[in-house]
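Analysis of the macromolecular model
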Amino acid sequence: MTTGETTQRRQPARVADDPAERYEAITAASRRCACDAAAHLPGGDSRSTLCHPPYPLAFEEGRGCRVVDLDGNELLDFTGNHTSLIHGYGHPRILEAVADQLGKGTAFAGPTRAQVAFARQLCERIESLERVRFTSSGTEATLQSVRAARAYTGRQVIAKIEGGYNGSWDEVMVSTHPRAEQAGDRERPASVPASEGLAARAVSDVLVLPFNDEASTRRLLEEHGSSVAAVIVEPVLGSAGMIPADASYLRLLRELASRMGIVLIFDEVISFRVAHGGAEGHYGVRPDLTCLGKAIGGGFPLGVVGGRAEVMELFDPSGGQPRVPHPGSYNANPVSLVAGSASLELLTEEAVDRLNENGDALRRGLRAAFGEAGLAVQVTGLGSLFGIHFLRHPVRSYRDTLASDKGLRHRLFLGLVAEGVLIDPRGAGCLSTATGQAELDAFAGAVRRVAPSLAAGRRG
Ligand SMILES: Cc1ncc(COP(=O)(O)O)c(C=O)c1O
């Protein structure tokens, strides 16, 4: 299947107006799969962000910008496995590179040429990268970046953004999505554990910063800066719903970090795609360290931590035990490296420009479609990333999203599935290079058909 192709296995039948009823009516096999899974996996799940009521869709296959679920429903995919598949499913160039590597071997107890080639490619493309290391996930990349920052500065405290998600290890599992009653003052957010079982110090060692609030961030960093090792920030706040940073906010973080000897870390696991050289290129702000993941592996598990040579040297084991050891059985896995390298080659300046133009067009189309239904919706995003928030006021931070109508957002998600469109259940998504104008129009058309049933079921 290629962009614009219209052959579909099965068009989801229009069986009811209620989005939840429609979803359940067409997804019996996914329901059975969820029941079977629950016998062996807690909640039937291995990835908590994918679990949602009544049960998640289970998938059979994907091609280009389309996925097919277990019931044979074909959906236009606007998730790309939560931004990982920037060229859609099964791009032939990526599959070819992977097949070639599979024939040679999937893992070795030593370095490969693929490692050198991809490291060079990344350092040539992203301005701030002088040295890189490869991990197996974004989580490991952010963990190593913060550990290096602590070793480099000799300080303990980590400053992170309220509503920012930087992986699933202890210190960053703080204030990822705090409830309003836990979150403290807007200008001085509390450190709220996002999980039970975190190390107590992990929570108390985190300073939570309010995104895009320059005055409060300046005040907090001026109060605590001398004990802060790192500020870690996503240039586009992903899991909070694709909320872009103001350029002046990132510039402020850069200025304060430089003045106070803090390591500035850009978590570009999601945002890298917004410009050819990553979000740092888009914003013109250079971090000390950068973490990459998701799309950087071309659809395979891969993470990257990289940046200033002076900090990255801490990982250097060539003279004996490094100051920051970084072992890992699948670090720099060659299958992921060749997939990532092929994917990055395909992501030319022109490809990024087209993705971004399509992203602008999609956001315009969605605003118009919701507006016609009389629904107050904010569509956020940057480049090929979008977020949908059922709110009247503009969204510039996680705090701004707290009052959004999550029930309506969930009904939108279910209703869109019934219309053959897949987004992240949290109301966000992205485009791939396989997505064309026909798919953008189809998405807006689906919103037009679902919106009236949302407007009818709106609370209050
Ligand atoms: C911004 C950001 N950083 C880090 C991570 C962690 O990456 P991974 O899921 O590969 O561990 C994610 C994952 O969603 C992310 O969105």
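Everything numeric in this text was worked out from a predicted model, so none of it was measured.

The rules behind the values
Residues numbered from 1 in each chain as written. Predicted model: local features only at pLDDT ≥ 70, side-chain atom pairs only at ≥ 80, totals over all residues. Heavy atoms only, no water. Domains from an automatic or database assignment. Buried area = accessible area lost by both parts, 1.4 Å probe. Salt bridge = Lys/Arg side-chain N within 4 Å of Asp/Glu carboxyl O. Polar contact = N/O pair within 3.5 Å; in protein donor to acceptor, adjacent residues only side chain to side chain. Helix = DSSP H or I, 4+ residues; strand = E, 2+ residues; numbered from the N terminus. Nonpolar A, V, L, I, M, F, W, Y, C, P; charged D, E, K, R; others polar. 1 Å grid on protein atoms, 1.4 Å probe; cavity = no way out; pocket = protein on both sides within 12 Å on 5 of 7 lines; lining within 4 Å. Points joined across faces, edges and corners; volume = space filled by probe spheres on them. Axes fitted to C-alpha atoms, helices over the stretch in contact; angles between N-to-C directions. Parallel < 35°, antiparallel > 145°, perpendicular 65-115°, else oblique. Left-handed = near helix turned anticlockwise from the far one by under 90°. Contact = heavy atoms within 4.5 Å. Buried < 20%, exposed > 50% of the residue type's maximum accessible area, 1.4 Å probe, protein only. Core = buried A, V, L, I, M, F, W, Y, C linked by side-chain atoms within 4.5 Å. Phe/Tyr/Trp six-rings, centres within 6.5 Å; stacked < 30°, edge-to-face > 60°.

Domain boundaries in the protein define domain 1 (19-77 + 349-456) and domain 2 (92-346). Placing a centre on the C-alpha atoms of domain 1 and another on those of domain 2 gives a separation of 26 Å. In total, about 2,200 Å² of surface goes out of reach between domain 1 and domain 2, with carbon and sulfur atoms giving 57% of it. Connecting domain 1 to domain 2 are 3 salt bridges. Two residues, Asp400 and Arg186, come together in a salt bridge whose shortest N-O distance is 2.4 Å. Taken together, domain 1 and domain 2 are joined by 17 residue pairs in polar contact (both at pLDDT 80 or more). Those elements giving two or more residues to the side of domain 1 that touches domain 2 turn out to be helix H13 (349-372), strand S13 (378-382), strand S14 (385-389), helix H14 (398-401) and strand S16 (428-430). Its residues assigned to classes, the side of domain 1 that touches domain 2 comprises 11 nonpolar, 9 polar and 5 charged.

Attention now moves to the layout of surface pockets. Gaps left between atoms are located by rolling a probe of water-molecule size over the structure's atoms. Here the second largest pocket is characterised by a volume of approximately 640 Å³. Taken together, 31 residues line the second largest pocket, and the ones lying closest to its centre are Leu50, Pro56, Leu57, Ala58 and Phe59. Those elements giving two or more residues to the lining of the second largest pocket turn out to be helix H2 (28-38), strand S1 (59-63) and helix H3 (80-83). A per-class count over the lining of the second largest pocket returns 18 nonpolar, 9 polar and 4 charged.

When two helices pack together, you describe them by how their axes are tilted relative to each other and by the distance separating the axes. Running from N to C, H13 and helix H16 (residues 437-456) cross one another at 20 degrees; their axes reach a closest spacing of 9 Å. Between H13 and H16, the interaxial angle falls into the category roughly parallel. The two elements H13 and H16 meet at a crossing, and its hand is right-handed. Residue-level contacts link Asn358, Ala361, Leu362, Gly365, Leu366, Ala368, Ala369, Phe370 and Glu372 of H13 to Leu440, Phe443, Ala444, Val447 and Arg448 of H16.

One pass over the full model with this rule turns up 28 salt bridges. With a shortest N-O distance of 2.8 Å, Arg188 and Glu223 are connected by a salt bridge. Here Arg188, found in the loop between strand S5 (157-161) and helix H7 (200-204), pairs with Glu223, found in helix H8 (residues 214-224); they are 35 residues apart in sequence, far enough to count as distant. Note that Arg449 is salt-bridged to Glu419, the shortest N-O span being 2.7 Å. Of this pair, Arg449 sits in helix H16 while Glu419 sits in the loop between helix H15 (406-418) and strand S15 (421-422), placing them 30 residues apart in sequence. Glu419 sits in the buried class, given a relative accessible area of 13%. By sharing partners, the salt bridges in this structure join Arg218, Glu222, Glu255 and Arg259 into a single network.

Another aspect to go through is the nonpolar core. Counting residues in hydrophobic clusters, the biggest one holds 59 residues, and the most contacted among them are Leu122, Phe134, Ile423 and Phe443. Among the domains, domain 1 (19-77 + 349-456) and domain 2 (92-346) are the pair contributing at least three residues each to this core. Ile243, Met260, Leu382 and Val395 belong to the second largest nonpolar core, which has 39 residues in total.

The next subject is the packing of aromatic side chains. With the rule as written, the count across this model stands at 7 aromatic pairs. Joined through ring pairs, the aromatic side chains of Tyr23, Tyr55 and Phe413 make up one cluster.

Residue placement: Gln144 occurs in helix H6 (residues 138-153). With relative accessibility at 8%, the residue Gln144 sits in the buried group. In contact with Gln144, other than residues within four places in its own chain, are Val305, Phe315, Val324, Pro325 and His326.

Turning our eyes to something else, we now look at empty space enclosed by the protein. Scanning the model with the defined rule gives 2 cavities of 30 Å³ or more in all. The volume enclosed by the largest cavity comes to roughly 50 Å³. Around the largest cavity, the lining comprises 13 residues; the ones closest to its centre are Asp77, Thr79, Gly80, Leu85 and Ser432. Residue composition of the lining of the largest cavity, grouped by class: 6 nonpolar, 6 polar and 1 charged. Computed from the structure, the second largest cavity encloses a volume of approximately 30 Å³. Around the second largest cavity, the lining residues are Ile86, Phe272, Ala295, Ile296, Ser343, Leu344 and Leu347.

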